[in-house]
Amino acid sequence: RIIHFVMKNQAGEPFTRDVHGQAGQTAMQVAVDAGLEGVAADCGGLLTVSLAMLRAPAQTDRITAATADEQGMLDFTEAARQAGFRLSCQITLT
C-alpha cells in the first residue's frame, strides 16, 4: 500500500511524500520507518498521548475503523477536534 502524506514544513508550506506500508502496520509505524518528521511517536502506539493526529482518507475500507478508546482520546485533545482526524497509532492498514 502507498500512503500519501501531506505535511507542512517549518515555514508552514505544504509538501507531500508517498511512502510504502504493509497491511497490519499503523500509519505511525509507516511514517516513522520512512523518517517523516512531524509525526510524533511518543506513545509508541499505546494510545496514551494523542499528539500524532492525521486526517484519515475517505476510503475507510483500506484502514481500520476508530475504536471507542480512540474516540474517547480524541474527545479530550487540547486542539479542537476536526472531522476526519484520527490518531496515527490507531490507523491500521488493511
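What you see is a predicted model, and the numbers here were worked out from it, not measured in a lab.

### Quick look at the nonpolar core
Moving on, step 1. By size, the foremost hydrophobic cluster in this structure holds 19 residues, and its most contacted members are Ile 3, Phe 5, Val 30 and Ile 91.
Moving on, step 2. Counting residues per element, the ones that place at least two in this core are strand E1 (2-8) and helix H1 (27-33).
Moving on, step 3. Top contributing element to this core by residue count: H1, with 4 residues.
Moving on, step 4. Contacts of Ile 91, omitting those with residues within four sequence positions, involve Gln 25, Thr 26, Ala 27, Leu 54, Ala 56, Ile 63, Thr 64 and Arg 86.

### A closer look at the side chain of Thr 26
Moving on, step 1. As for its placement among the helices and strands, Thr 26 is situated in the loop between strand E2 (14-20) and H1.
Moving on, step 2. For Thr 26, a relative accessible area of 12% translates into the label buried.
Moving on, step 3. If near-sequence neighbours (up to four positions away) are discounted, Thr 26 is found in contact with Ser 88, Cys 89, Ile 91 and Thr 92.

### Examining the environment of Arg 55
Moving on, step 1. Tracing the sequence through the fold places Arg 55 in strand E3 (residues 53-55).
Moving on, step 2. Along the chain, Arg 55 and Gln 82 lie 27 residues apart, while their C-alpha atoms are 8.7 Å from each other.
Moving on, step 3. The contacts of Arg 55, once residues within four sequence positions are left out, are Gln 82, Ala 83, Gly 84 and Phe 85.

### Side note on the confidence of the model for the protein chain
Moving on, step 1. On average, the protein chain scores 80 in pLDDT, and the residues at 70 or more come to 80%.
Moving on, step 2. Within the protein chain, E3 has the poorest average pLDDT of any element, 75, and E2 the best, 90.

### Thoughts on the pairing of E1
Moving on, step 1. Burial of E1 is one-sided: the residues Ile 3, Phe 5 and Met 7 facing one way are buried, the residues Ile 2, His 4, Val 6 and Lys 8 facing the other way are not.
Moving on, step 2. Here E1 pairs with E2 via 7 bridges, running antiparallel. Counted as the bridge partner of Ile 2 is His 20 from E2.
Moving on, step 3. Between E1 and E2, which pair antiparallel in sequence order, lie 5 residues; one of them, Gly 12, sits at a positive phi of approximately 85°.

### What about the pattern of salt bridges?
Moving on, step 1. In this structure the tally under the stated criterion is 1 salt bridge.
Moving on, step 2. For Arg 86, the salt bridge is made with Glu 70, and the minimal N-O distance between the two is 2.9 Å. Here Arg 86, found in strand E4 (residues 85-87), pairs with Glu 70, found in helix H2 (residues 68-75); they are 16 residues apart in sequence, far enough to count as distant.

Reading guide: rules and limits
Residues numbered from 1 in each chain as written. Predicted model: local features only at pLDDT ≥ 70, side-chain atom pairs only at ≥ 80, totals over all residues. Heavy atoms only, no water. Core = buried A, V, L, I, M, F, W, Y, C linked by side-chain atoms within 4.5 Å. Buried < 20%, exposed > 50% of the residue type's maximum accessible area, 1.4 Å probe, protein only. Helix = DSSP H or I, 4+ residues; strand = E, 2+ residues; numbered from the N terminus. Contact = heavy atoms within 4.5 Å. pLDDT = per-residue confidence, 0-100. Pairing = 2+ DSSP bridges. Salt bridge = Lys/Arg side-chain N within 4 Å of Asp/Glu carboxyl O.

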